[in-house]
Amino acid sequence: MAELVLYNYFRSSTSYRVRIALHYKNLSFEYKPVHLLNDGGEQYKSTYANLNPMSEVPTLIHDGLTIAQSMAIIEYLDEMFPHPALFPKEPHQKARIRQFCENINSFMHPLGNLKVLQHLEKKHGYTAQDKEQWVQHWLQKGFLALENMVKKNHGTYCFGNEVTAADLFLVPQIFAAKRFNVDLEPYTKLNKINENALALECFQMAHPMRQVDTPEAEKLISK
Ligand SMILES: N[C@@H](CCC(=O)N[C@@H](CS)C(=O)NCC(=O)O)C(=O)O
């Protein structure tokens, strides 16, 4: 068995974050697919729910230790495998990067999460169009804040010319936004950073359209 095992789902943006971290650090890992829709959602089966108390992906296993929450996983990987680093040591810059990540992790992503949209549909009668407009509304607010955060000081990537955790959170969130037809035109800096990051092999290897559980019909059709 591989030393690092990642339970994840090709299309999940939180899984995508962790896959980028693993590839960025050149770490090999065993890919365990968890299908979020099949059979009522494999995340709810007891074998998986025992690993991840929130019944969400991703979950990482390393040397027998089980870790859920993509932020916790990425920080753990950065401490265990420090080179190349995803967070700087300098406290102020580190806090700004975490702030950027948390705008996505705590606000943008949860409002478009599968179970939230399923609830809106089942309990409140939301149509596909209502759900799309819901996601667009919240993501526009989040992207505006992110654009303002990077406007003055970005380089090739969100916080300079080296990849940081911020890029690992941004690129999957842009991928998710495209699925909901969010108008990304106003966010010129974020778009450029996204394009720069997607030119890197580690981002390409982690891409949702290139995973073992990506359906054949969807493979490599878009960035
Ligand atoms: N904050 C968690 C969120 C994880 C999460 O919600 N993952 C989604 C996929 S992107 C999921 O598993 N959703 C399952 C569901 O909604 O039923 C993390 O960053 O790991």
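Just so it is clear, the model here is predicted, and its values are computed rather than measured.

Draft legend 1. Examining helix α1 (residues 13-24) more closely. In this model, α1 (12 residues) spans 16 Å end to end at C-alpha, consistent with the 16 Å of a helix rising 1.5 Å per residue. Most of α1 sits inside the fold, with 11 of its 12 residues counted as buried. Taken together, the buried positions of α1 are Ser 13, Thr 14, Ser 15, Tyr 16, Arg 17, Val 18, Arg 19, Ile 20, Ala 21, Leu 22 and Tyr 24. As for α1, its buried residues are in contact with β1 (4-8), β3 (59-62), α3 (70-80), α4 (91-111), α7 (165-179) and α9 (201-206). Note on α1: the residue one or two positions beyond its end, Asn 26, has a positive phi of about 60 degrees.

Draft legend 2. How the structure looks around the site of the ligand. The local shell around the ligand holds 16 residues, among which Ser 12, Glu 56, Ser 70, Leu 114 and Lys 115 are the closest. When residues of the shell around the ligand are traced back to their parent elements, those giving at least two are α1, α3 and α5 (114-124). For the shell around the ligand, a count of residues per class yields 5 nonpolar, 9 polar and 2 charged.

Draft legend 3. The arrangement of the packing of α4 against helix α6 (residues 128-151) in detail. At their nearest, the axes of α4 and α6 sit 9 Å apart, and the two run at 170 degrees to each other. Accordingly, the angle class assigned to the pair α4 and α6 is roughly antiparallel. Taken together, the residues of α6 that come into contact with α4 (itself represented by Phe 100, Asn 103, Ile 104, Phe 107, Met 108 and Leu 111) are Trp 138, Leu 139, Gly 142, Ala 145, Leu 146 and Met 149. Across the contact of α4 with α6, the residue classes tally to 10 nonpolar, 2 polar and no charged.

Draft legend 4. Region of the structure containing the packing of α1 against α7. The interhelical angle for the contact between α1 and α7, taken along N-to-C directions, is 140 degrees, at an axis separation of 9 Å. Overall, the two elements α1 and α7 adopt an arrangement that is oblique. Where α1 crosses over α7, the two elements pack in a sense that is right-handed. Contacts between α1 and α7 involve Ser 13, Tyr 16, Arg 17, Ile 20 and Ala 21 from the first element and Leu 168, Phe 169, Pro 172, Gln 173, Phe 175 and Ala 176 from the second. Of the residues belonging to the contact of α1 with α7, the class tally is 8 nonpolar, 2 polar and 1 charged.

Draft legend 5. Structural view of the environment of Val 163. The topology assignment puts Val 163 in the loop between α6 and α7. A tally of 24 C-beta atoms within 10 Å means that Val 163 is categorised as buried. When the C-alpha atoms of Val 163 and Glu 3 are compared, they prove to be 25 Å apart, with 160 residues separating the residues in sequence. When neighbours within four sequence positions are excluded, Val 163 is seen to be in contact with Tyr 24, Tyr 157 and Ala 197.

What counts, and where the lines are drawn
Residues numbered from 1 in each chain as written. Predicted model: local features only at pLDDT ≥ 70, side-chain atom pairs only at ≥ 80, totals over all residues. Helix = DSSP H or I, 4+ residues; strand = E, 2+ residues; numbered from the N terminus. Expected span 1.5 Å × (residues − 1). Buried ≥ 20, exposed ≤ 12 C-beta atoms within 10 Å, placed from the backbone. Contact = placed C-beta atoms within 7 Å. Near = placed C-beta within 6 Å. Nonpolar A, V, L, I, M, F, W, Y, C, P; charged D, E, K, R; others polar. Axes fitted to C-alpha atoms, helices over the stretch in contact; angles between N-to-C directions. Parallel < 35°, antiparallel > 145°, perpendicular 65-115°, else oblique. Left-handed = near helix turned anticlockwise from the far one by under 90°.

Function cannot be inferred from these measures alone, as they are strictly geometric.
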